[in-house]
Amino acid sequence: QVQLVESGGGLVQPGGSLRLSCAASGRTSSSYVFGWFRQAPGKEREFVSFINWISGTTYYADSVKGRFTMSRDNAKNTVYLEMNSLEPDDTAVYYCAVARRITSLTRARGYDYWGQGTQVTVSS
C-alpha cells in the first residue's frame, strides 16, 4: 500500500508558475512510475506527465510539453511538477499517481495508487 499526498496548488494568473509536490509513504520502493493527471469539472481525467523513478525518463502530454517539467527526489520519495506559462485551460484538480508496472502509462487505469488531488486555478 502506498499513500500519496499532493501539495502546492493554488490560484495563479495566466502566464504564472506553480510547483506541485507529491510525497509517497507507506510501502514504497524506487521501482515504479509516478504520473500526474488532471481533471476539470465535467471532464474526464486527463494525462499530464510521468517519470520513471529509476531512469528519470519523462514523458509529457502535447498540451503541456515545453511548459511543465517533472523531477524526483530519491531520498524523499517525492516527485515535483513545475508548471510554467500557465493558461486558464490548465485549471483543474491535479492528481499524483503511481504505477507498479509499465503498461498504459498515459491512461488513468494504468496506475495503482492515487492521491486526493490539489486544486490549480489559473485566472486573472
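In what follows, the structure referred to is the one given above.
The rules behind the values
Residues numbered from 1 in each chain as written. Predicted model: local features only at pLDDT ≥ 70, side-chain atom pairs only at ≥ 80, totals over all residues. Heavy atoms only, no water. Helix = DSSP H or I, 4+ residues; strand = E, 2+ residues; numbered from the N terminus. Rg over C-alpha atoms; globule rule 2.2 N^0.38 Å. Buried < 20%, exposed > 50% of the residue type's maximum accessible area, 1.4 Å probe, protein only. Contact = heavy atoms within 4.5 Å. Areas by Shrake-Rupley, 256 points an atom, 1.4 Å probe, with all protein chains shown as cover. Lys, Arg positive; Asp, Glu negative; His and termini not counted. Charge placed at Lys NZ, Arg CZ, Asp CG, Glu CD. Salt bridge = Lys/Arg side-chain N within 4 Å of Asp/Glu carboxyl O. Phe/Tyr/Trp six-rings, centres within 6.5 Å; stacked < 30°, edge-to-face > 60°. Polar contact = N/O pair within 3.5 Å; in protein donor to acceptor, adjacent residues only side chain to side chain.

**Here we look at the overall build of the chain**
Along its length, the chain carries 0 helices and 11 strands. Taken from the N to the C terminus, the helices and strands of the chain come in the order β-β-β-β-β-β-β-β-β-β-β. Since a compact globule built from 124 residues should have a radius of gyration of about 14 Å, the 13 Å found for the chain is in line with a globular shape. Principal-axis analysis of the C-alpha atoms gives the chain an extent of 40 × 30 × 25 Å. Taking all 124 residues of the chain together, 43% fall into the buried category. Within the chain, residue pairs in contact and separated by at least 24 positions form 55% of the contacts whose partners lie at least 6 positions apart. As displayed, the chain has an accessible area near 6,500 Å², and 44% of this comes from carbon and sulfur atoms. Each charge class in the chain can be summarised by its mean position, and for the 13 positive and 10 negative side chains these summaries are 8 Å apart.

**What about the pattern of salt bridges?**
Under the criterion given, the structure shown has 3 salt bridges. Salt bridges here are not isolated pairs; linked through shared partners, they connect Arg 38, Glu 46, Arg 67 and Asp 90.

**A look at the packing of aromatic side chains**
All told, the structure shown has 10 aromatic pairs when counted by the stated rule. Aromatic pair Phe 37 and Tyr 111: ring centres 5.1 Å apart, planes at 80°, arrangement edge-to-face. Residue Phe 37 is found in strand 4 (residues 33-39), and its partner Tyr 111 is found in the loop between strand 9 (92-99) and strand 10 (113-114); the two are separated by 74 residues along the sequence. Accessibility expressed as a relative area gives 6% for Tyr 111, which makes it buried. Ring centres 5.2 Å apart and planes at 55° place the aromatic pair Phe 37 and Trp 114 in the tilted group.

**Here we look at the side chain of Thr 78**
Mapping Thr 78 onto the fold places it in strand 8 (residues 78-83). A distance of 2.9 Å separates a polar atom in the side chain of Thr 78 from the backbone oxygen of Lys 76. For Thr 78, the residues in contact, after removing those within four places along its chain, are Ser 21, Cys 22, Ala 23, Trp 53, Ser 71, Arg 72 and Asp 73.

**Considering unusual backbone geometry**
The bulk of non-glycine residues show a negative phi, and the bulk of peptide bonds are trans. With phi around 50°, Asn 77 is a residue other than glycine that occupies positive phi space. With respect to the helices and strands, Asn 77 occurs in the loop between strand 7 (68-73) and strand 8.

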